[in-house]
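Overview (structure and organization)
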Amino acid sequence: MLFNSYLFILLFLPLTLLAYYYLVPLLNLKIIPEHKCRLFILLFASLIFYGYWNPKYIILILISISFNFFLGLRINSITQSFKKKTLLFFGLVFNLGLLIYFKYANFFIENLEIFLNTSIEWEEIVLPIAISFFTFQQIAYLVDVYNNKTKEYKLLNYSVFVSFFPQLIAGPIIYHNEVKTQYGNLGGLKEVGNNFTLGVCIFILGLFKKLVIADSLGDYANPIFLANETIGTQIVFIEAWIGILAYTFQLYFDFSGYSDMAVGLAKLFGINFPFNFNSPFKAKNIIEFWKKWHITLSRFINNYLFTNIAIRFLRFSMAKNLTNFNFLLSIAFPMIITFSLSGLWHGASWNFLLWGTLHSLFIIICYVWGTICTSLKIDFSKNTIYRICSILLTFLSVTLAFVPFRSKNIETTISFYKSLVPSKNIFLPSELIGHWQLLLEKYLNIIPYFNFNFSGKYILSVENLQNSSVFIIISFLIVWTFRNSNNFVRIKNNKLVFPQLEKININSFGVYLVYIMFFLSLVSLINIDPSPYLYFQF
């Protein structure tokens, strides 16, 4: 089931909210505490939500939940370090084994066929939705139990922690400590009105991002990338840049839109989730970008993967007296390993590995540049031109790295990269031959070196090229001028406040803006099937 569907918005969500807030007091079950009734409703609704895609995978998530819960109990009850470590290792093997089987078995077999130059008879394994997210969330839980940072004695609470439908499909990746107390206090919900109002606003912001902006950008990006996958098709320079810019913003508005909806939906039930994005395209370097993009994944990778790898490399360096190689062993190698694994987590193909590796190299370069500036006592932090150039360079780096993220394989990735490099002959759409050609040629001839040719074969029509350019420009304006969702709207003194609008004394317009967004989002669903999120089957 998708958040961006009439089924969810007009049926599933209202029924769940009615049961959550009104059915529980109506039943007035004295033998079951109110908060437990609400937890049962959330669990039941979440399993329906998950099973809507394929009911048989409800068994999979229930097995995963039960195994990790009881293993967590066992780890918490043991004091001997070796036994605790053995049980944790067993838990990691189980969770990673489950993920590897469902997500990477097809990838391994396909590459084995290529390596052995033979055909292997096998039935393709279907990837269950959300397995990457609920696996990582439970790995974090087991590690935290092992480190005595958290514990859970109630299966119902733990089941809702893992399966709660707002975050189940694509995060955010929640730590148990962040919600343990919240799930235990659902009986006496406070500030229901404020939570509900703010939750609805954040949900609509996310819905608008997904349906009106991201899906529209996808209509322009998808044909270009699909054409690049066709043998013998060479994307022209201008259209290639339109394609990758449209996809960059499509992915951002799609995923951040989902994350906003998840936060807003949780708010409707009185649960506070961490925001997953914080205006990442305003980042001044790639390290800052990863502190603002997919925040809960970044902190998981840092806390449970990078830090442990770096510590082991650093210990090896100290044991072998390799102090001259500290940067390589404590930063560079761990970074490459971490982001390569992160790339494979995003998808089982070599191009995702390339995407992760590119980001690791960007971060290493950023570290080196920072070290050079520090050693030379150079401070560019107050230089406006430097800051603007840094933001643009970071955005360009992230955009170029998204080519393998969107492409089907390494071959199509290389082909698309070639299209992004301008040649001396710049081809413009053949549709412009005639009046527009005569009008434009006198201006284009002023530009040195390049020859402009009006015989280009474009995937998109001239009208769609214009529309896509407008959407890309609007996207730039949105990400660079508006605040992030967590700061765009908030509750202040029991009043809905839009800080940016409040500054210019038009705060009341914010409510009408939300209404307009909701109306446009619902209208956009008419006569079309809702499109899945780009992170839907991860």
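Residues numbered from 1 in each chain as written. Predicted model: local features only at pLDDT ≥ 70, side-chain atom pairs only at ≥ 80, totals over all residues. Heavy atoms only, no water.

Right, let's get into the pattern of salt bridges. If you walk through the whole model with that rule in mind, you get seven salt bridges. The shortest N-O distance in the salt bridge between Glu 34 and Arg 38 comes to 2.7 Å. Of this pair, Glu 34 and Arg 38 are both found in helix H2 (residues 34-51), four residues apart, which corresponds to roughly one turn of the helix. Note on Glu 34: relative accessible area 35%, which makes it partly exposed. Close ionic contact of Lys 292 with Glu 288 constitutes a salt bridge, the shortest N to O distance being 4.0 Å. Of the two residues, Lys 292 and Glu 288 are both situated in helix H11 (residues 286-292); the distance of four residues between them amounts to about one turn of the helix. One continuous salt-bridge network, built from bridges that share partners, spans Lys 210, Asp 215 and Asp 254. (Salt bridge = Lys/Arg side-chain N within 4 Å of Asp/Glu carboxyl O. Helix = DSSP H or I, 4+ residues; strand = E, 2+ residues; numbered from the N terminus. Buried < 20%, exposed > 50% of the residue type's maximum accessible area, 1.4 Å probe, protein only.)

The subject of this paragraph is the state of the cysteines. All told, the structure shown has zero disulfides when counted by the stated rule. Of the cysteine sulfurs around Cys 389, a residue in no disulfide, the closest is that of Cys 373, at 14 Å. Overall, Cys 389 belongs to the partly exposed group, its relative accessible area being 45%. (Disulfide = S-S within 2.5 Å.)

The subject of this paragraph is unusual backbone geometry. Glycine aside, the phi torsion of most residues is negative, and most peptide linkages are trans. Despite not being glycine, Asn 117 shows a phi value in the positive range, around 55°. Within the secondary structure, Asn 117 is located in the loop between helix H4 (81-116) and helix H5 (131-146). Of note in the backbone geometry, Ala 130 takes a positive phi value of approximately 75° without being a glycine. For Ala 130, the position within the fold is in the loop between H4 and H5. Among the residues examined, Ala 130 registers a relative accessible area of 0% and is labelled buried.

For the rest of this paragraph, the subject is the nonpolar core. Phe 3, Phe 8 and Phe 164 are the most contacted members of the largest nonpolar core, which has 155 residues in total. When near neighbours in sequence (up to four residues on either side) are disregarded, Phe 8 contacts Met 1, Leu 2, Phe 3, Leu 13, Pro 14, Phe 49, Phe 165, Phe 203 and Leu 265. (Core = buried A, V, L, I, M, F, W, Y, C linked by side-chain atoms within 4.5 Å. Contact = heavy atoms within 4.5 Å.)

On to the packing of helix H3 (residues 57-77) against helix H6 (residues 155-163), then. Viewed as axis vectors pointing N to C, H3 and H6 meet at an angle of 125°, and their least axial separation amounts to 10 Å. By the criterion of interaxial angle, the relationship of H3 to H6 is oblique. The crossing of H3 and H6 is right-handed. Taking contact as the criterion, the partners of Ile 61, Ile 65, Asn 68 and Phe 69 in H3 are, on H6, Leu 155, Tyr 158, Ser 159, Val 162 and Ser 163. (Axes fitted to C-alpha atoms, helices over the stretch in contact; angles between N-to-C directions. Parallel < 35°, antiparallel > 145°, perpendicular 65-115°, else oblique. Left-handed = near helix turned anticlockwise from the far one by under 90°.)

None of this, on its own, says anything about what the molecule does.
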